[in-house]
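This is what each chain is made of:
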Amino acid sequence: MKKTVALLLSVAMLMGMAACKSEETTKKSKKKTKKTTTTEITETEDPTDEPSDTEESTDPSETESESETTTEQETEATTVRTYSEQAVPFEVFRGLEDVGLKVGCYYQVYGAVDQTLSTTDYQHEILTPISYEFYMLSATKTYGQIPGKLADIFQDEYDRGQTIYDAVLKGFIESEEKGEALPYWYYEFMTRPCRGDGKVVSFMTSAVSYEGEYLETPYNLRTEDATTIKFDDIIKDRGRLWEYMKKVLGELPESMSDGRGLDEIEDSVMNGWANFVIMTNGILIGGVFVPAYACPEAFDTSYFEEIAKDNYSVWSDNFGHISWDINADGILDDIDLEFTPDADGISAKDLKIYWNFSDYTFDKSNIDCFDEIGCDAYARMDPKIMVTENGTYLMVKVYCEMSVAVVLFELQPGNIRYCDCIFTDNVVVDQSPEALLFLHYDNILGNAALFQDYRIGSDGKFEKISENEYSVYPAIALRVDLEVTKIDDNGNITGTTTLPAGTKLTLSSYNEESRTGCFEIISRGKTQGQRVLIELSKIASPEDTFQGLPEGN
């Protein structure tokens, strides 16, 4: 459960630790058949992130018509989608600046040892926390009334969450003082940015509690005046939209239909009640990503005409297909991917990338991590185009057993170049080439969830934005007095102090090179904001120094 909580908390790490400065879906493998003059390609993909994650900001796309045809192959007949050169049905302006959406974090936590448990029970050593996490958006550039609108939205949400936390905290402390069993409770309010440019600011908020309550709320605002973009403002033909969604939902595994029946989803779409967020190249609605190019008749395409010049991402549709004017020549480019199974039917022989009327094959001879991927031929992929000022990249996530391989290619004129590969436990945020957040677990004072922020560098390699790794960590307590280094909110050292035994701490960031952790001191019911540095390399026995280390130490 703590891993789940850590994932939910991850978006906060985009800024929360800056103060520490020393900071399958079964890919139904609808075979992509390539003929000499056309490339017909389709694949299945799991819409993820969410989660993630988290999330940082935009995506772009265009409109394109699709046709379904039955193509006779030499050995088999397969229904495929055929793409041909098509003019982009509207002009794309690439000269606007990003709004500059940023996610901030407010974090309160309280922990105590549950004395009602047996001393032989491992759980006796676990600090049982209650926590309240709040992640809000802010606009780093002034666009009309957007900053004020965001402030109003999140002030109301913050006040509501704080009221709940205060009430639970009171009961928690009373239970602790009476020696009663302690509850475990958390409440999280998260914001996931989806788009932020001169045309649209779109984001999704989610509120989740330990009791199982979960509420998602979408916000779609016009950048100019912060007014709400309604369903029928952007959707001009509900029927055509539903026909596309119905086909997609019918071909996806049941696990991807977000638990609702087709009748319920149809009702929400046809009556204009469906929750949706606007991406740069389409909308996310009812668990389905609908690119504007897939059914342009359903959209008011003016909402997809203005995008940022650089540093944005383009989503694939639910089959892993991307159609986007990559080189800004007024023609839609098509990209699909497919693994070729090896003789064992489990591992992959190679990865094929289809780009317009050419295909490019990659295997262990030209991807240095290919042997380590070890994924089966039906592994999920979540391709995205990442546009930067230095180049245009294709980022592919390959889910392999317990890890994720993130492979990066550069899309060059007439060529695809392999650039880099990184392994991680999960990809939490990948909505901008300037904000990639990867998660891994490490045995630092127990099984710590660590988040490392990356960007795509000028050389096409993944590069760390900070040497620090950020963490969402349960509360722990000192068993002994411990001398620590004090730092201010800007990460400057202000002296040393001795923390008495019993002091509660939470790890907020970690520097692997120096093996130094930045901890926040927890007071009665909330984090004080006071931060200290602890050189973990000098602690010979963590179990004798800290109480409540999470499992995994």
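Computed from a prediction, not measured in an experiment: that's the story for all the values here.

A.B. asks: How do you make sense of the environment of W315 when you look at a structure like this?
C.D. replies: Here W315 shows up in strand β14 (residues 312-315). On a C-alpha basis, the gap between W315 and N281 in space is 7.1 Å, while along the polypeptide they are 34 residues apart.

A.B. asks: How should the sheet that holds strand β15 (residues 322-324) be read in this particular structure?
C.D. replies: Strand pairing in a sheet takes place through backbone hydrogen bonds and is either antiparallel or parallel in direction. Spatially, four strands are ordered β15-β16-β17-β18 in an open sheet, and the strand pairing comes out antiparallel. The outermost strands of the open sheet, each flanked by one partner alone, are β15 and β18 (358-362). Averaged over all adjacent pairs, the angle separating strand axes in this sheet is 20 degrees, with direction ignored. Bridge count for strand β17 (residues 348-355) against β18 is five bridges, and the pairing is antiparallel. By the bridge assignment, L351 is partnered in β18 with F362.

A.B. asks: Can you walk me through unusual backbone geometry in this structure?
C.D. replies: A negative phi angle is the norm for most residues apart from glycine, just as the trans form is the norm for most peptide bonds. Backbone geometry at A226 places phi at a positive 65 degrees, although glycine is not the residue there. Look at A226 and you get buried, because its relative accessible area is 7%. Of note in this structure, R515 is not a glycine but carries a positive phi near 55 degrees. Locating R515 in the fold gives a position in the loop between β31 (504-511) and β32 (516-522). You can call R515 partly exposed: its relative accessible area is 43%.

A.B. asks: Looking at this model, I keep getting lost on the side chain of D334. Mind explaining?
C.D. replies: With respect to the helices and strands, the residue D334 is situated in strand β16 (residues 333-341). Residue D334 is classed as buried on the basis of its relative accessible area, which comes to 4%. In terms of polar contacts, D334 uses its side chain to reach the side chain of H321, at 3.2 Å.

A.B. asks: What is the right way to read the packing of helix α4 (residues 238-251) against helix α5 (residues 262-270) from this model?
C.D. replies: The description of two packed helices rests on the angle between their axes and on the distance between the axes. Contact geometry of α4 with α5 gives a least axis separation of 10 Å together with a crossing angle of 155 degrees. Viewed along their axes, α4 and α5 adopt a mutual orientation that is roughly antiparallel. By crossing handedness, the relation of α4 to α5 is classed as right-handed. Along its contact with α4, which presents R238, G239, L241, W242, M245 and L249, the element α5 presents L262, I265, E266, V269 and M270. Of the residues contributing to the contact of α4 with α5, the split by class is eight nonpolar, one polar and two charged.

Quick notes on the rules
Residues numbered from 1 in each chain as written. Predicted model: local features only at pLDDT ≥ 70, side-chain atom pairs only at ≥ 80, totals over all residues. Heavy atoms only, no water. Helix = DSSP H or I, 4+ residues; strand = E, 2+ residues; numbered from the N terminus. Pairing = 2+ DSSP bridges. Axes fitted to C-alpha atoms, helices over the stretch in contact; angles between N-to-C directions. Buried < 20%, exposed > 50% of the residue type's maximum accessible area, 1.4 Å probe, protein only. Polar contact = N/O pair within 3.5 Å; in protein donor to acceptor, adjacent residues only side chain to side chain. Parallel < 35°, antiparallel > 145°, perpendicular 65-115°, else oblique. Left-handed = near helix turned anticlockwise from the far one by under 90°. Contact = heavy atoms within 4.5 Å. Nonpolar A, V, L, I, M, F, W, Y, C, P; charged D, E, K, R; others polar.

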